[in-house]
There are 2 protein chains.
Amino acid sequence: MASERIERRLTAILAADIAGYSRLVEADEEGTLSQWKALWGTVIEPKIKEHRGRIVRVIGDGILAEFASVIDAVRCAVEVQRGMAEHNAKAPQDKRIEFRVGINFGELIIEDGDFWGDGVNIVARLEALAHPGGICVSGRVQEDTQGKLEIAFDDIGEQHLKNIARPVRVYRVRFDEVTKSTPALPLPSGRNGLGLGRGLDI
Amino acid sequence: MASERIERRLTAILAADIAGYSRLVEADEEGTLSQWKALWGTVIEPKIKEHRGRIVRVIGDGILAEFASVIDAVRCAVEVQRGMAEHNAKAPQDKRIEFRVGINFGELIIEDGDFWGDGVNIVARLEALAHPGGICVSGRVQEDTQGKLEIAFDDIGEQHLKNIARPVRVYRVRFDEVTKSTPALPLPSGRNGLGLGRGLDI
């Protein structure tokens, strides 16, 4: 039967897009593009690679990346958000490019290198619930990373996500806690994330 | 840091062991061994291979197998239990080799090809909750396979599993439902599972 040939895989997915992208582009098209390129080359792509992620899709101002490990995905997201905050600290408020990030894991259907399935829909909704500079994760991500990463989460309750039948428990990464506990987070030698997460999310 | 080098992977795990193994061996050592070898060669190993699983560990009368897809893992378990039931139908009651099966998915630590982590502990506990010939799965397995497989589950509630801090919701595969809905389960051509699942589990 044809359905036997569908490739399925358990994977962690990270969705990210730029908060207020249209506003940024409208205000300064060339400046936004050049900032985006700088962030992409110095923060986003290197961090995804460092945490063994793979970029699955880039659509306009959004990306979808996969990770074999949910711990790698969460670490990557935290470091991307820190890196972007560091970059933004030098830019004026209205020129800042900030990511909203969502993370989930589950079984996806893989076709021609792209992903389909509930897991993709859920992660896009999680991302939309994140504050600019913040990260939202599903309950199972929180469950499987708690105690394994020095990250605190705020439970924002069960959410009814668009086009998803069952409610999904959603958690926000608490960035002040991440900052406090930085020494326990494995970081590449020669770098540190101290003070980068402040004010990223509530 | 050393913790950065740990290999972690999201994976579906299936644990199975023989119900009443000691009793079987005590009653008929040689007969049990020869039956086990027959089941292994004709049902267990071929089914795991067919569903793209990999046997991680064989300890005495138990096995641990991994699957990239939780749907493959559940399909495999259902077909193994059917195959074993078919084999057992020809054997006297006291000579039947029956598997208890547990299925879970989550992030595991991989070291020298073997697996470690909460996920392994949970799946061993799920297996212990299964009836002989039956399958128990965690809530997230039920959640991610419901509507994707023609299998009915019975909710047996939140269980406090040994050495696992948080309670785990547990479901049993309902085998009479599996049997009824066989035509919708993709089966390899030339085979069918009609009538094999009757009486396997409540």
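Residues numbered from 1 in each chain as written. Chains lettered and ligands numbered in written order. Predicted model: local features only at pLDDT ≥ 70, side-chain atom pairs only at ≥ 80, totals over all residues. Heavy atoms only, no water.

## Some points on the overall build of chain A
Filter applied, for reference: Every helix listed is a DSSP run of H or I at least four residues long, and every strand listed is a run of E at least two residues long, numbered separately from the N terminus. For every residue, the accessible area obtained with a 1.4 Å probe (protein chains only) is divided by the maximum for its type, and the residue is called buried under 20%, exposed over 50%, and partly exposed between those limits. Note on contacts: a residue pair is in contact if any heavy atoms of the two residues lie within 4.5 Å. The protein chains shown are the only cover counted for residues, whose accessible areas, like all others here, come from Shrake-Rupley with a 1.4 Å probe.
Summing up its helical and strand segments, chain A has six helices and eight strands in all. For chain A, the N- to C-terminal ordering of α and β elements is β-α-α-β-β-α-β-β-α-β-α-β-β-α. In chain A, which comprises 202 residues, the proportion classed as buried is 54%. Sequence separation of 24 or more characterises 71% of the internal contacts of chain A that already satisfy a separation of 6 or more. Counting only carbon and sulfur atoms, one obtains 49% of the accessible surface of chain A, whose full area is about 9300 Å².

## A word on the packing of helix α2 (residues 29–50) of chain B against helix α3 (residues 70–89) of chain B
If you want to describe how two helices pack, look at the angle between their axes and the distance between the axes. All names here are of chain B. Quick reminder of the rule: In this analysis, axes come from line fits to C-alpha atoms, helices being fitted only over the stretch in contact, and the angle between any two N-to-C directions falls in the range 0 to 180 degrees. Should an angle fall under 35 degrees it is taken as roughly parallel, and over 145 as roughly antiparallel, whereas 65 to 115 is taken as roughly perpendicular and any remaining angle as oblique. In this scheme, a crossing is called left-handed if the near helix is turned counterclockwise away from the far one by less than a right angle; it is called right-handed if the turn is clockwise. For this classification, the nonpolar set comprises Ala, Val, Leu, Ile, Met, Phe, Trp, Tyr, Cys and Pro, the charged set comprises Asp, Glu, Lys and Arg, and every other residue, Gly included, is treated as polar.
In the contact formed by α2 and α3, the axes pass within 9 Å of each other and the chain directions differ by 155°. One way to sum up the angle between α2 and α3 is to call them roughly antiparallel. Considering only the axes of α2 and α3, their crossing is right-handed. Facing Gln 35, Ala 38, Leu 39, Val 43, Ile 44, Lys 47, Ile 48 and Glu 50 of α2, the residues of α3 in contact are Cys 76, Glu 79, Val 80, Gly 83, Met 84 and His 87. For the contact of α2 with α3, the per-class residue count stands at eight nonpolar, three polar and three charged.

## Side note on the pairing of strand β6 (residues 135–138) of chain A
All names here are of chain A. To keep things clear, this is the line we draw: Here, a strand pair is defined by DSSP locating no fewer than two bridges between the strands.
Judged by which residues are buried, β6 turns out to be covered on both faces: Ile 135 and Val 137 on one side and Cys 136 and Ser 138 on the other are all buried. Relative to β6, strand β4 (residues 99–111) runs parallel, the two being bridged by three bridges. In the strand pairing of β6, Val 101 is matched with Ile 135. Bridge count for β6 against strand β8 (residues 168–174) is three bridges, and the pairing is antiparallel. Across the sheet, residue Ser 138 finds its bridge partner in β8, namely Val 170.

## Topic: the confidence of the model for chain A
Residues and elements named next belong to chain A. What counts is decided by this rule: pLDDT measures the predictor's confidence residue by residue and takes values from 0 up to 100.
This prediction gives chain A a mean pLDDT of 84; 85% of its residues lie at or above 70. Of all the helices and strands in chain A, helix α6 (residues 175–180) carries the lowest mean pLDDT, 58, while β6 carries the highest, 98. Confidence drops under pLDDT 50 across residues 179–202; counting only partners more than four residues distant or on other chains, this segment forms 49 contacts. Reported confidence for the predicted complex is 0.74 by ipTM and 0.80 by pTM.

## Quick look at the pattern of salt bridges
As a reminder, the rule being used: Here, a salt bridge means any Lys or Arg side-chain nitrogen found within 4 Å of an Asp or Glu carboxyl oxygen.
A complete count under the given rule lists 28 salt bridges over all chains for this structure. Of the charged contacts in the structure, one is a salt bridge between Glu 143 of chain A and Arg 140 of chain B, with a shortest N-O distance of 2.8 Å. With Glu 143 of chain A in helix α5 (residues 139–145) and Arg 140 of chain B in helix α5 (residues 139–145), the pair connects residues from two separate chains. Under the relative-accessibility criterion, Arg 140 of chain B is labelled buried at 12%. One salt bridge connects Asp 154 of chain B with Arg 174 of chain B, and the closest N-O pair in it is separated by 2.7 Å.

## Quick word on the relation of the copies chain B and chain A
So the rule is basically this: The atoms used to superpose the copies are C-alpha atoms, taken from residues with pLDDT of at least 70 in both, and the fit is least squares.
Superposing chain B onto chain A takes a rotation of 180° plus a shift of 0.0 Å along the axis, which leaves an RMSD of 0.0 Å. On this basis, the relationship between the two copies can be described by a two-fold rotation axis. Considering only C-alpha atoms, the part of chain B nearest the rotation axis is Leu 10 of chain B, at 3.1 Å. Taken together, the interface assignments show that 96% of the residues at the interface of chain B recur at the interface of chain A, consistent with an identical surface on both copies.

## Concerning the packing of aromatic side chains
Residue and element names in this part refer to chain B. Formally: Classification of ring pairs uses Phe, Tyr and Trp, with its six-membered ring standing for Trp, and accepts pairs whose centres are within 6.5 Å; under 30 degrees between planes counts as stacked, over 60 as edge-to-face, and the remaining range as tilted.
On inspection of all chains with the given rule, the structure shows seven aromatic pairs over all chains. Ring geometry for Trp 36 versus Trp 40: centroids 5.6 Å apart, planes at 50°, classification tilted. Of this pair, Trp 36 and Trp 40 both sit in helix α2, separated by four residues, roughly a single helical turn. Comparing Trp 36 with Trp 40, the two get one shared label, buried.

## Some remarks on helix α3 (residues 70–88) of chain A
In plain terms, the rule: Given the number of residues in a helix, its expected span is that number minus one, multiplied by 1.5 Å. Whenever two N or O atoms come within 3.5 Å, that pair is a polar contact, provided that in protein one can donate a hydrogen and the other can accept it, and provided that, for residues adjacent in sequence, both atoms are side-chain atoms.
When the terminal C-alpha atoms of α3 of chain A are compared, their 27 Å separation across 19 residues agrees well with the 27 Å that a helix rising 1.5 Å per residue should span. Of the residues flanking the start of α3 of chain A, the one acting as N-cap is Ser 69 of chain A, its side-chain oxygen 3.2 Å from the backbone nitrogen of Ile 71 of chain A.

## A word on the environment of Pro 132 of chain B
Locating Pro 132 of chain B in the fold gives a position in the loop between α4 (118–129) and β6 (135–138). For Pro 132 of chain B and Asp 17 of chain B, which are 115 residues apart along the polypeptide, the C-alpha to C-alpha distance reads 9.3 Å.

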